[in-house]
Amino acid sequence: MSDIKTFPFNKEDFDQIKNFKFGKNWPVVYVLEDKKEIYIGQTVNVHARSKQHYENPERAKLKQIHIITDEEFNISAAFDIEAWLIQYISADEKFVLQNSNGGLKNHNYYDKAKYKAKFEIAWDNLRQMGIVKNTLEDLKNSDLFKYSPYKSLTEDQFTISRQIFKDIKRNEFNTFMVNGKPGTGKTILATYLFKYLKEQEETKNMNIGLVVPMASLRKTIARVFSKIKGLKSNMVIGPNDVVKGQYDLLIVDEAHRLQRRKGIMGYGAYDNVNRGLGLGNEGTQLDWIMKSSKHPIFFYDENQSVKPADIRPEDFKKLNSKKYELVSQMRVEAGEEYIKFIEAFFDLKTPQNTNFPNYDFKIFDNAEKMVDEIKEKDKKHKLARVVAGYAWPWHTARGTRDYDIEIGDLKLIWNSTAQDWVNSPNAINEVGCIHTVQGYDLNYVGVIIGPEFSYDVENNKFKVDREKYFDTNGRNGITDPNELERYIINIYKTLLTRGIKGTYVYVVDENLRNYFKEKLGQKTSKKIGYKENYNEKNIFSPFTIEMIRVPLVGSAPCGNPFLGEENIEEYIDVEKSKIKTGFNYFILRAEGDSMNLAGINDGDLVLCRQQLKADTGNRV
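Criteria and thresholds
- Residues numbered from 1 in each chain as written.
- Predicted model: local features only at pLDDT ≥ 70, side-chain atom pairs only at ≥ 80, totals over all residues.
- Heavy atoms only, no water.
- Phe/Tyr/Trp six-rings, centres within 6.5 Å; stacked < 30°, edge-to-face > 60°.
- Helix = DSSP H or I, 4+ residues; strand = E, 2+ residues; numbered from the N terminus.
- Buried < 20%, exposed > 50% of the residue type's maximum accessible area, 1.4 Å probe, protein only.
- Lys, Arg positive; Asp, Glu negative; His and termini not counted.
- Salt bridge = Lys/Arg side-chain N within 4 Å of Asp/Glu carboxyl O.
- Polar contact = N/O pair within 3.5 Å; in protein donor to acceptor, adjacent residues only side chain to side chain.
- Contact = heavy atoms within 4.5 Å.
- Pairing = 2+ DSSP bridges.
- Axes fitted to C-alpha atoms, helices over the stretch in contact; angles between N-to-C directions.

A. Structural view of the packing of aromatic side chains. Under the defined criterion, the tally for this structure stands at 44 aromatic pairs. With a centroid separation of 6.3 Å and 90° between ring planes, the pair formed by Y147 and Y440 is classed as edge-to-face. Residue Y147 is located in the loop between α7 (143-146) and α8 (155-170), and its partner Y440 is located in the loop between α17 (434-437) and β17 (442-449); the two are separated by 293 residues in the primary sequence. Take Y440: its relative accessible area is 2%, and that puts it in the buried class. Between Y455 and Y515, the aromatic rings sit 4.2 Å apart at their centres with planes inclined by 20°, giving stacked as the arrangement. Taken together, the positions of Y455 in strand β18 (residues 453-456) and Y515 in helix α20 (residues 510-519) put the pair 60 residues apart, joining distant regions of the chain. In this pair, the class of Y455 matches that of Y515, namely buried.

Okay, structure coming up:
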């Protein structure tokens, strides 16, 4: 079993660690702290490592060492528990973290899920000891955790960060473009790379800025930077700020939201910047960044450009840049297949996969019911929000009415703040727009697709009603209806990829709602003259039992607590009637006969519903 043993951290007491059962030649994780600062590490010889740390003036001032031990620990488990502790303690805000962020990397190994469970037990013990204060669930939902530079990287994130560092040292390339679809961790890599470069000997003295075009997200990340040792909130800047100095390196997150001189507010100030840089009126924020930095790094997704003020994709393509691609899906638990489904739907193609195990995806016929379910999800999981396309005027902002959105008997209001709306106190009772949620993660998202976007059954194409689209800056100056359609589609693609655990959808236009359902193989609310395509239509026998694919994640020893984490070996079909909507399921292979009296024998496959808590007497 896991245990935590505490020792004084000073030279005279190191023999206590030496004589400790796990003091030498055994993998352990340790925590050094002095009530203010903290350092987390792992080693196979904590006695020798303690003496090494004592030679470091920063570590020597720490007063206690807490050693986390377990007879089942191995090197991989120690690395992972160290990484998890660093990530969560950095978000806990109780200590200033002394660690760098250079070595955290995601990898799989045998029985990883078991050690995640041991970590959760260790975290609870650290809470009881007063070393940490928040629950893991609360920290997972916090911005400090989501946008912290202390994150375990995917293989592609890790490789890209190291390659960019090498390229900057060699000075072979000046401009870098990191492309990535929604949920591939662009912002995570941007914040990680910023801290990593500030810690390396070759780049630490560079003048580096993190440019975030959207004010709401910029404020959130600035708050995160203010809590990280070595970083400051004023290192996070807007596009207008880049011209105030000369930068060695500018990292630009959400670069698709940089602006050009079209449909913007404040033309005078914009033109003044252009004149100061010797640019004509056609100068863009992209031009400003290129003129203000030696090494710009752009994190970009062409399909998240949502209004005419955004710089056109062809302008980015003109850059002489070295390109990288992020591919691993980090946000949506349904994975890359869900992203492909959304893309295929808006491309008017038949999706290859419409089955997303362990992801809660629903099309609603009733908007009020969808809003009610999102509120229930918020009570259970937190960070569940309703969002919509800009298809209703903003009456409440002008005080002309006490609601904005009306669908049947349902009346809703738009977001009351543009700054960090996702975390604002009344957000669950409001509706967010694209400008308040782009770049953010939500546990559940309820998306209202408004009446400005519909489906033409006869011609099998989408239609946009310009008069029902109320984002003034999003439509002014657009004469090509295809351009407006592209922006609106990008808005809905972005909104539909915010949800980590699930996405709920209500579509105002019934033709479009039925088209959505047909692509998912669901029954439509009523037929409205759809053209039958028998190559795409699923025909079920009346004797067919509908099945859902559930992942088999390995073996579990009977009689011990165990965390169900997806370390997937294969998928197994399970009758849909056994699956309750809104929960995550997985399958385990039982080991041992400690639960044979409960009918669970060695080698049995056990269908499990994942949950966070259990009471005495429950089978868990």
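B. Local environment of the side chain of D253. Tracing the chain through its elements places D253 in the loop between β9 (247-252) and α11 (267-276). Within the buried core, D253 has no salt-bridge partner, and the shortest N-O distance to an opposite charge, that of K186, equals 6.7 Å. Of note is the side chain of D253, whose polar atom sits 2.7 Å from the side chain of T187. Here D253 is in contact with K186, T187, A190, V211, V212, P213, L217, I221 and F299, once residues within four sequence places are set aside.

C. Quick look at the pairing of strand β6 (residues 176-180). The element β6 is largely enclosed, with a buried count of 5 among its 5 residues. What you see with β6 is no split at all: F176, V178 and G180 on one side and M177 and N179 on the other are buried throughout. Two elements, β6 and strand β10 (residues 293-300), share 4 bridges in a ladder whose sense is parallel. Looking at the pairing, V178 lines up with F299 of β10.

D. Summary view of the pairing of strand β20 (residues 499-507). Burial runs high along β20: 9 of the 9 residues are buried. Taken together, the 5 bridges between strand β12 (residues 360-364) and β20 define a ladder with parallel strand orientation. Within β20, the position partnered with K362 by the bridge is Y504. As judged from the 7 bridges shared by β17 and β20, these two strands associate in the parallel manner. For V445, the partnering residue across the bridge sits in β20 and is T503.

E. Up close: unusual backbone geometry. Even without a glycine there, the phi angle at N171 is positive, about 60°. Mapped onto the secondary structure, N171 falls in the loop between α8 and β6. With phi around 50°, L383 is a residue other than glycine that occupies positive phi space. Of note, L383 is situated in the loop between α15 (367-381) and β13 (384-388). When its relative accessible area of 6% is taken as the criterion, L383 is described as buried.

F. A look at the sheet that holds strand β5 (residues 96-97). Reading across the sheet, the 5 strands line up as β1-β4-β2-β3-β5 and stay open at both edges, with mixed pairing between neighbours. The open sheet has two free edges, formed respectively by β1 (3-8) and β5, since each of these has just one partner strand. Here helix α4 (residues 75-92) sits on the sheet and contacts β2 (28-33), β3 (37-43), β4 (64-69) and β5; the angle it forms with β3, its principal contact strand, is near 165°.

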